[in-house]
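Each chain, written out:
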Amino acid sequence: MSTNHKLLVKNAKQVVLICNNGEKYLTKHGMNNLSVIENASVVIGSDGLIRAVGPAETIRARYSESSFDNVIDATGMCVLPGLVDAHTHPVWAGDRVHEFAMKLAGATYMEVHRAGGGIHYTVEHTRAAAASDLLTSLRSRLQRMQRAGTTLVECKSGYGLELQTELKMLEVIEEARSSLPINISSTYCGAHAVPKGKTVAEATEDILQVQLPRLKELMSAGRLQVHNIDVFCEQGVFDLVSTRAILQAGKEMGLNINFHGDELHPMNSAEMGAELGALAISHLEEVTDEGMVAMAKAKTAAVLLPTTAYILRLPQPRARDMLDAGVIVALGSDFNPNAYCCSMPVVMHLACVNMRLSMTEALAAATINAAFALGHSDTHGSLEVNKHGDLLILNATRWEHLIYQLGGHQEVIRFVVIGGNVVYDNDKTLDL
Ligand SMILES: N=CN[C@@H](CCC(=O)O)C(=O)O
Ligand SMILES: [Zn+2]
């Protein structure tokens, strides 16, 4: 048996496993009883998977004859699973800072959207952008997320709204996946808005008859990896009927359903998504009680997006009611030109203050539950044997400082590790 391993993280003040019985998600009780070991160590094997997590003395005795490519003495520090961002729109061109000023002055999201701004503004710039430029900005944004502790991220298309640009975006995501250590779950979001000059019916027809069939061909030929399908189900965007048709078509080609629902109006998205077996529904500021019950029953995760509710001054999603109803609650940054935040620590902080999550609930929502929302909680989202060796090492004697110190992740995060490799060391500049 190989006695050489990739990484030993030893003598940590705390190792937060999140869960330690192979749970695929946590609901309220589990989120308030996270698995934590004091004075502990972690071993990551040469294959990048976790080999052992346990009390430092136990690990020291068990691995006394082993060698390690790298050893980090985490004395006085804390170890957490890498953070999972279950909702981002990171591929885009154009600058919408002027729209932030408009919203600060009182304009609503849909007023800007209807005036041809918002998604439409970004669509114009993204269609015109070279793939190489989109890749450069995507890499930079993903490395920024990585420095903030994200090790698995969902990346959407959705600023093309036609075949050529949607594929350009998905290919850029594919290129980033193959050239960066961060793990990526890819989402087709061609129904992010109704393109100018088309009706909802025409846009839906183009997606069903042109975009999805071509995507299916490329996926079948192994030329593109896409995991999820998304639709912006909203008044003035895609209605429930068109949303259902598009999501159903995506499901039939093997894509997980993870869509924007009940954000600005109660569309009964949650009820419909639960009925379709959606893995996740995002936003949910306006979800009904019946929708929560349906999601809990169907084990459809709620991906809450605190930055968007904060920036748009929306009513907060009823996170506590969702937890009480047994819904699997996850978090995402919703990084996009409207909500320009790459930091899951900030997202967790906002989820605690504005959505009244406890810090343990927020951490579970940004690890195991976000991984569940992406269909990856069997390999990511907690520090358990045979899961990916993706972890954070904090300059803090209590892990809660990652959430408590608002905007302080640059100082709190000492190392980010993906697959047992140190990809960020805040004492050095790494160019991974
Ligand atoms: N609501 C729709 N889509 C994004 C915003 C995208 C944009 O404004 O560019 C969201 O999740 O908030
Ligand atoms: Zn979004």
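The name given to the protein in an unreviewed UniProt entry is Probable imidazolonepropionase, and the organism recorded there is Ilyodon furcidens. Reading the Sequence similarities (unreviewed entry) entry of the UniProt record for the protein gives the comment "Belongs to the metallo-dependent hydrolases superfamily. HutI family." The annotation that UniProt attaches to the protein under Pathway (unreviewed entry) is "Amino-acid degradation; L-histidine degradation into L-glutamate; N-formimidoyl-L-glutamate from L-histidine: step 3/3."

Caption draft 1: Molecular detail of the overall build of the protein. Across its full length, the protein holds 18 helices and 16 strands. Its C-alpha atoms give the protein a radius of gyration of 21 Å, within 12% of the compact-globule value 22 Å for 432 residues. For the C-alpha atoms alone, the extent of the protein along its principal axes is close to 70 × 45 × 40 Å. In the protein, which comprises 432 residues, the share counted as buried stands at 60%. Intrachain contacts of the protein at a sequence separation of at least 6 include 72% that bridge at least 24 residues. Total accessible area on the protein stands at roughly 16000 Å², and carbon and sulfur atoms take up 51% of it. Separation between the mean location of the 36 positive side-chain charges and that of the 47 negative ones in the protein comes to 3 Å.

Caption draft 2: Quick peek at the pairing of strand S11 (residues 280-283). Taken together, the four bridges between strand S10 (residues 256-261) and S11 define a ladder with parallel strand orientation. When the bridges of S11 are listed, Phe 259 appears paired with Ile 281. Where the polypeptide runs from S10 across helix H10 (residues 269-276) and back to S11, its parallel neighbour, the crossover connection is right-handed. In the sheet, S11 pairs with strand S12 (residues 301-304) via three bridges, with the strands oriented parallel. The residue bridging Ile 281 from the neighbouring strand is Ala 302, located in S12. Traced from S11 through helix H11 (residues 289-298) to S12, the parallel crossover comes out right-handed.

Caption draft 3: Representation of the nonpolar core. Counting 113 residues, the largest nonpolar core has Leu 142, Leu 331 and Leu 394 as the members making the most contacts within it. In this structure Leu 394 touches Met 77, Cys 78, Leu 80, Trp 399, Leu 402, Val 412, Ile 413 and Arg 414, once residues within four positions along its chain are discounted. Residues Val 9, Val 15, Leu 17 and Ile 393 belong to the second largest nonpolar core, which totals 19 residues.

Caption draft 4: Quick peek at the sheet that holds S10. Pairing in this open sheet of eight strands is parallel, and the strands run S6-S7-S8-S9-S10-S11-S12-S13 from one edge to the other. Only two strands of the sheet have a single partner each, and these edge strands are strand S6 (83-88) and strand S13 (329-331). For this sheet, the mean angle separating the axes of adjacent strands, direction not counted, is 25 degrees. Helix-sheet contacts for helix H9 (residues 240-252) involve strand S8 (183-191), strand S9 (228-231) and S10, and the interaxial angle to S9 is about 175 degrees.

Caption draft 5: Here's a closer look at the coordination of the zinc ion (ligand 2). Those protein atoms acting as donors to the zinc ion (ligand 2) are His 87 (NE2), His 89 (NE2), His 260 (NE2) and Asp 334 (OD), and they sit at 2.0 to 2.7 Å. Sequence positions of the residues that donate to the zinc ion (ligand 2) give the spacing H-x1-H-x170-H-x73-D. One end of the pair, His 87, is in strand S6; the other, His 260, is in strand S10, and 173 residues separate them in sequence.

Caption draft 6: Geometry of a nonpolar patch on the surface. Where nonpolar side chains cluster on the molecular surface, the patch consists of Val 97, Phe 100 and Leu 104 and spans about 290 Å² of accessible area. Overall, Leu 104 belongs to the partly exposed group, its relative accessible area being 48%.

Caption draft 7: Expanded view of the pattern of salt bridges. Tallied over the full model, the rule gives 19 salt bridges. The salt bridge partner of Asp 324 is Lys 28, with a shortest N-O separation of 2.7 Å. Here Asp 324 is found in helix H13 (residues 319-324), whereas its partner Lys 28 is found in helix H1 (residues 28-31), with 296 residues between them in sequence. The class for Lys 28 is partly exposed, based on a relative accessible area of 33%. Residues Arg 320 and Glu 361 are paired through a salt bridge, measuring 2.8 Å at the closest nitrogen-oxygen approach. Linking Arg 320 in helix H13 with Glu 361 in helix H15 (residues 359-365), this pair joins segments that are 41 residues apart in sequence.

Caption draft 8: Seen up close, the site of ligand 1. Close to ligand 1 lie 16 residues; Arg 96, Tyr 109, Tyr 159, His 283 and Asp 334 are nearest. The contact in question runs from a nitrogen atom of ligand 1 to an N or O atom on the side chain of Glu 263, over 3.0 Å. In the environment of ligand 1, an oxygen atom lies 2.8 Å from a nitrogen or oxygen atom belonging to the side chain of His 283. Its free accessible area being 330 Å², ligand 1 has 100% of it covered by the protein chains. Classifying every residue of the shell around ligand 1 by side-chain character gives five nonpolar, eight polar and three charged.

Caption draft 9: A look at the UniProt feature "domain: Amidohydrolase-related" (unreviewed entry) in the protein. Using the residue numbers shown here, the UniProt feature "domain: Amidohydrolase-related" (unreviewed entry) corresponds to residues 79-423. In the segment residues 79-423, helix accounts for 45% and strand for 17%; the C-alpha atoms at its two ends are 15 Å apart.

Caption draft 10: Representation of H10 within the structure. Counting buried positions along H10 gives six out of eight residues, so the element sits mostly inside the fold. Structurally, H10 contributes buried residues whose contacts are with H9, S10, S11 and H11. Gly 277 lies just past H10 and shows a positive phi near 80 degrees.

Conventions and cut-offs
Residues numbered from 1 in each chain as written. Chains lettered and ligands numbered in written order. Predicted model: local features only at pLDDT ≥ 70, side-chain atom pairs only at ≥ 80, totals over all residues. Heavy atoms only, no water. UniProt positions renumbered as here; feature names shortened; annotations may be inferred. Helix = DSSP H or I, 4+ residues; strand = E, 2+ residues; numbered from the N terminus. Rg over C-alpha atoms; globule rule 2.2 N^0.38 Å. Buried < 20%, exposed > 50% of the residue type's maximum accessible area, 1.4 Å probe, protein only. Contact = heavy atoms within 4.5 Å. Areas by Shrake-Rupley, 256 points an atom, 1.4 Å probe, with all protein chains shown as cover. Lys, Arg positive; Asp, Glu negative; His and termini not counted. Charge placed at Lys NZ, Arg CZ, Asp CG, Glu CD. Pairing = 2+ DSSP bridges. Right-handed = clockwise from strand over helix to strand, strands pointing away. Core = buried A, V, L, I, M, F, W, Y, C linked by side-chain atoms within 4.5 Å. Axes fitted to C-alpha atoms, helices over the stretch in contact; angles between N-to-C directions. Donors = N, O, S within 2.8 Å, 3.2 Å for Na, K, Ca; no water. Patch = residues over 30% accessible without salt bridge, like charges linked within 9 Å, V, L, I, M, F, W, Y side chains within 5 Å. Salt bridge = Lys/Arg side-chain N within 4 Å of Asp/Glu carboxyl O. Near = heavy atom within 4 Å. Polar contact = N/O pair within 3.5 Å; in protein donor to acceptor, adjacent residues only side chain to side chain. Nonpolar A, V, L, I, M, F, W, Y, C, P; charged D, E, K, R; others polar.

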